[in-house]
Amino acid sequence: MQGAGEFDFGQHDAGLGGARILDPEVIDGLLALGGDDDPGLLGELIEMYLDDAEQRMTVMLAALESGDCETVGKAAHALKSASANMGALEFSKVCLELE
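Heads up: these notes are all about the structure in this document. Treat the numbers as computed from the prediction; the structure is a model and nothing was measured.

**Quick look at the overall build of the chain**
So, point 1. The helix and strand inventory of the chain stands at four helices and zero strands.
So, point 2. Ordered by position from N to C terminus, the α and β elements of the chain give α-α-α-α.
So, point 3. Sequence-distant contacts in the chain: of pairs separated by 6 or more residues, those separated by 24 or more amount to 46%.

**Quick word on the packing of helix α2 (residues 41-66) against helix α3 (residues 69-85)**
So, point 1. With their axes 9 Å apart at the nearest point, α2 and α3 run at an angle of 160° to one another. In terms of their interaxial angle, α2 and α3 are classed as roughly antiparallel. Considering how the two elements wind past one another, α2 and α3 form a crossing that is left-handed. Between α2 and α3, the contacting residues are Y49, D52, A53, R56, M57, V59, M60, A63 and L64 on the first element and T71, V72, A75, A76, A78, L79, A82 and S83 on the second.
So, point 2. Considered class by class, the residues forming the contact of α2 with α3 number 13 nonpolar, two polar and two charged.

**Focus on helix α1 (residues 24-34)**
So, point 1. Listing the buried residues of α1 in full gives P24, I27, L30, L31 and G34. End-on, the buried residues of α1 take up no more than an arc of 120°, which puts them together on one face. α1 presents E25 and L33 as exposed residues on the side facing more than 90 degrees away from its buried surface.
So, point 2. The N-cap of α1, judged by a side-chain oxygen 2.7 Å from the amide nitrogen of E25 a few residues on, is D23.

**Section: α3**
For an α-helix, 3.6 residues make a turn, and residues three or four places apart therefore share a direction.
So, point 1. A rise of 1.5 Å per residue sets the reference length of α3, with its 17 residues, at 24 Å; its end C-alpha atoms lie 24 Å apart and thus fit the reference within 8%.
So, point 2. Those residues of α3 that fall on the buried side of the exposure criterion are V72, G73, A75, A76, L79, K80, A82 and S83.
So, point 3. G87 occupies a position one or two residues after α3 and carries a positive phi of about 90°.

**What about the packing of α1 against α2?**
So, point 1. Two numbers describe how α1 lies on α2: the axes approach to 8 Å, and their chain directions differ by 120°. Comparing their axes, α2 and α1 come out oblique. Note on element contacts: α2 touches α1 through L41, L42 and L45, opposite I27, L30, L31, L33 and G34.
So, point 2. Classifying every residue of the contact of α1 with α2 gives seven nonpolar, one polar and no charged.

**Notes on a negative patch on the surface**
So, point 1. There is a patch of like negative charges on the surface, built from D36, D37, D38, E44, E47, D51 and E54.
So, point 2. Relative to the helices and strands, E44 is located in helix α2.
So, point 3. The partly exposed category is assigned to E44, whose relative accessible area is 42%.

Procedures and definitions
Along every chain, residues carry numbers that run from 1 in the direction the sequence is written. Reporting of local features is limited, given that this is a predicted model, to residues whose pLDDT is at least 70; pairs of side-chain atoms are given and counted only at 80 or more, and all residues count toward the totals for whole chains, interfaces and linings. Excluding hydrogens and water, the side-chain values take into account all heavy atoms of the structure. For the purposes of this entry, the term helix denotes a DSSP run of H or I that reaches at least four residues, the term strand denotes a run of E that reaches at least two, and both are numbered from the N terminus. Contacts were defined at the residue level, with two residues in contact if any of their heavy atoms lie within 4.5 Å. For helices, the axis comes from a line fit to the C-alpha atoms of the stretch in contact; other axes are also lines fit to C-alpha atoms, and the angle between any two N-to-C directions lies between 0 and 180 degrees. We call two directions roughly parallel when the angle between them is under 35 degrees, roughly antiparallel when it is over 145, roughly perpendicular when it lies between 65 and 115, and oblique otherwise. A clockwise turn of the near helix away from the far one marks a right-handed crossing, whereas an anticlockwise turn of less than a right angle marks a left-handed crossing. Residues are grouped as follows: Ala, Val, Leu, Ile, Met, Phe, Trp, Tyr, Cys and Pro are nonpolar; Asp, Glu, Lys and Arg are charged; every other residue, Gly included, is polar. Each residue is placed in one exposure class: buried if its accessible area under a 1.4 Å probe, protein chains only, is under 20% of its type's maximum, exposed if it is over 50%, and partly exposed if it falls in between. Note that the arc is computed from the directions linking the helix axis to the C-beta atoms. We call two N or O atoms a polar contact when they sit within 3.5 Å, provided that within protein one can donate a hydrogen and the other can accept it, with sequence-adjacent residues counted only if both atoms are side-chain atoms. Multiplying 1.5 Å by the helix residue count minus one yields the expected span of that helix. By definition, no residue in a patch forms a salt bridge, and every one has over 30% relative accessible area; like charges are joined within 9 Å, nonpolar side chains (Val, Leu, Ile, Met, Phe, Trp, Tyr) within 5 Å. In these tables, accessible area is a Shrake-Rupley quantity obtained with a 1.4 Å probe, and a residue counts as shielded only by the protein chains included in the view. Salt bridges are defined by distance alone: a side-chain nitrogen of Lys or Arg within 4 Å of a carboxyl oxygen of Asp or Glu. Working convention for charge: Lys and Arg count positive, Asp and Glu count negative, and His plus the chain ends are omitted. Where a charge lies is defined by one atom per residue type: Lys uses NZ, Arg uses CZ, Asp uses CG and Glu uses CD.

The analysis is restricted to geometry; functional conclusions fall outside its scope.
Here it is as structure tokens:
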């Protein structure tokens, strides 16, 4: 099983001031979760996260346009937690600010 340490996570600047986009320690934990029994688990988790994130972002945008701060906060809260679980810690911090 290949660990996240074998990938170049480097300091990718995606408008985050040079912060890492993904935390390799979290990715390693997710890889270990599947282990040798389910090496495709990480891919499945990523697909589920991306699907969920897209839906929550759509909800947040609509709520922002209509001035529904409560819905923005609820969607941001869920996206914050999911992002942290997937190692997108900087994005999780952005969601915390929206929350």
